[in-house]
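Inside the fold
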Amino acid sequence: MNQLNQLNQHSVNMTALLLRVGLGLVFVIGGISKLNLLLDASTQTAMVANYMGTSGYINELFQDFLFSAGLLSPWTFLTALSSFELLSGIALISGFLVRPLALLYAFLLWSFVVSLPVDTVPGASVGVDTYTSPAIFVQIRDITLSGMMFVLFNLGSGYKSIDQRLRTENLIVNWDALGLLLRLSLGITFIIAGLFGDYAKIQSFATYQPLLLALGGLLIFAENQLLKATAVVCTGVLVWYILQKISFDKSLIANLNGVKREFALLAASMVLALFSGGARFTFKQIVKRSRLYLSLNLNQ
């Protein structure tokens, strides 16, 4: 079996396990953190205000769409969404309904991008605290999570999953295509961090930005051993960031909530370190295709 094009069943199952646990942790941690605040009478008002304010996560268009009819309150919406977040995260980790949840989240994660309140008009100021960087840059990690969800949807549930116990899946995966999607998804987060990490609310992983830019480029264009080595370095960057974010002044859940997305990024890095990322549209293949194209056209 050509491992540049396909993964064997063991590799498929291991990849799916790593991705679904990493992604599931994002939603379990986020759900617990939000529900702790939303269900506590002393913090629920501040929590709702944090999400609905000018520097929150839901812009005016979406607030009008969701709440103008008076059928749904912000607290009810956030509590229901957080409950779903927690339950779906548990389901992903346990391997239950993995494909439906992966497909749902692959699209739902984009709603966090389009709903962000942002002001990027040159020379203009709205006079309140809000996001001043493009929403897609601020939420670039959610775009990466969306790509990972599409990969997981195609892989299935993997090892140690309820879905696999209910129905055996034997898949031959074209890793060229899925590996490319995983490389692009993770690579773009590092590239944005490397180029725009100095700007407001854009994640920089507390790491030297030219290094992040180089890692992002290699994630997208490298292959085989170079890609694996790059993924190992990315794993180290993410572990370093998680460790340096730990604060003994915060609770355990608050510490975890501050780095929840990094657990998913860590899972993606581990997959690429173990199994590489296919050969499609790597630098070597682009050069090879370009030479072939030029030779065919010049000889006509």
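Residues numbered from 1 in each chain as written. Predicted model: local features only at pLDDT ≥ 70, side-chain atom pairs only at ≥ 80, totals over all residues. Heavy atoms only, no water.

**As for the overall build of the chain**
Within the chain one finds 14 helices and two strands. Taken against the 2.2 N^0.38 rule, which gives 19 Å for 300 residues, the C-alpha radius of gyration of the chain at 21 Å falls within 12% of a compact globule. For the chain, the spread of C-alpha atoms along the three principal axes comes to 70 × 55 × 40 Å. Counting every position in the chain, which comprises 300 residues, the buried fraction comes to 46%. A separation of at least 24 residues holds for 74% of the contacts in the chain among residues at least 6 apart in sequence. Element-wise, carbon and sulfur atoms account for 66% of the exposed surface of the chain, whose accessible area totals about 15200 Å². Separation between the mean location of the 19 positive side-chain charges and that of the 14 negative ones in the chain comes to 14 Å. (Helix = DSSP H or I, 4+ residues; strand = E, 2+ residues; numbered from the N terminus. Rg over C-alpha atoms; globule rule 2.2 N^0.38 Å. Buried < 20%, exposed > 50% of the residue type's maximum accessible area, 1.4 Å probe, protein only. Contact = heavy atoms within 4.5 Å. Areas by Shrake-Rupley, 256 points an atom, 1.4 Å probe, with all protein chains shown as cover. Lys, Arg positive; Asp, Glu negative; His and termini not counted. Charge placed at Lys NZ, Arg CZ, Asp CG, Glu CD.)

**Brief notes about helix 7 (residues 140-155)**
Here helix 7 contains 16 residues, and its C-alpha end-to-end distance of 23 Å stays within 8% of the 22 Å for a straight helix at 1.5 Å per residue. The buried fraction of helix 7 amounts to 13 of the 16 residues, a majority that puts the element mostly inside the structure. Just downstream of helix 7 lies Gly156, where phi reads positive at about 90°. (Expected span 1.5 Å × (residues − 1).)

**Quick word on the environment of Ile242**
Mapped onto the elements of the fold, Ile242 is located in helix 11 (residues 224-244). In this structure Ile242 comes out as buried when scored by relative accessible area, which is 13%. Expressed as a C-alpha distance, the spacing of Ile242 and Thr120, which sit 122 residues apart in the sequence, is 30 Å. Ignoring sequence-local partners within four residues, the contact set of Ile242 consists of Val259, Glu262, Phe263 and Leu266.

**Re the packing of helix 1 (residues 9-38) against helix 7**
The interhelical angle for the contact between helix 1 and helix 7, taken along N-to-C directions, is 140°, at an axis separation of 10 Å. In terms of orientation, helix 1 and helix 7 fall into the oblique class. Crossing of helix 1 over helix 7 shows left-handed handedness. Touching Val12, Thr15, Ala16, Leu19, Arg20, Leu23, Val26 and Phe27 of helix 1 are Leu145, Met148, Met149, Val151, Leu152 and Leu155, all from helix 7. Grouping the constituent residues of the contact of helix 1 with helix 7 by class yields twelve nonpolar, one polar and one charged. (Axes fitted to C-alpha atoms, helices over the stretch in contact; angles between N-to-C directions. Parallel < 35°, antiparallel > 145°, perpendicular 65-115°, else oblique. Left-handed = near helix turned anticlockwise from the far one by under 90°. Nonpolar A, V, L, I, M, F, W, Y, C, P; charged D, E, K, R; others polar.)

**Let's talk about the environment of Arg141**
Residue placement: Arg141 occurs in helix 7. The class for Arg141 is buried, based on a relative accessible area of 14%. Distance in space between the C-alpha atoms of Arg141 and Ala193 is 9.9 Å, their sequence separation being 52 residues. What Arg141 contacts, discounting residues up to four positions off in sequence, is Thr189, Gln203, Phe205, Arg261, Glu262 and Leu265. Within the structure, Arg141 has its side chain in polar contact with the side chain of Glu262 (distance 2.9 Å). (Polar contact = N/O pair within 3.5 Å; in protein donor to acceptor, adjacent residues only side chain to side chain.)

**Thoughts on the side chain of Asp119**
Mapping Asp119 onto the fold places it in the loop between helix 5 (98-114) and helix 6 (135-138). Nearest to the buried, unbridged Asp119 among oppositely charged side chains is Lys201, at 15 Å. At a separation of 3.4 Å, a polar atom in the side chain of Asp119 contacts the main-chain amide nitrogen of Val121. If we skip the residues at most four places from it in the chain, Asp119 touches Ala124, Ser125, Val126, Thr130, Tyr131 and Thr132. (Salt bridge = Lys/Arg side-chain N within 4 Å of Asp/Glu carboxyl O.)

**Regarding the layout of surface pockets**
Within this model, the largest pocket holds a volume of roughly 1200 Å³. Looking at the largest pocket, it is lined by 44 residues, and the ones nearest its centre are Lys34, Tyr51, Tyr57, Lys260 and Arg261. Listed by contribution, the elements that provide at least two residues to the lining of the largest pocket are helix 1, helix 2 (44-52), helix 3 (60-67), helix 4 (74-94), helix 5, helix 7 and helix 13 (260-275). Element by element, the count of residues in the lining of the largest pocket is highest for helix 4, at six residues. Considered class by class, the residues forming the lining of the largest pocket number 24 nonpolar, eleven polar and nine charged. (1 Å grid on protein atoms, 1.4 Å probe; cavity = no way out; pocket = protein on both sides within 12 Å on 5 of 7 lines; lining within 4 Å. Points joined across faces, edges and corners; volume = space filled by probe spheres on them.)

**Description of a nonpolar patch on the surface**
A surface patch of nonpolar side chains, about 360 Å² in accessible area, is lined by Phe96, Leu97, Ile162 and Leu166. Topologically, Ile162 is positioned in helix 8 (residues 162-166). For Ile162, a relative accessible area of 33% puts it in the partly exposed group. (Patch = residues over 30% accessible without salt bridge, like charges linked within 9 Å, V, L, I, M, F, W, Y side chains within 5 Å.)

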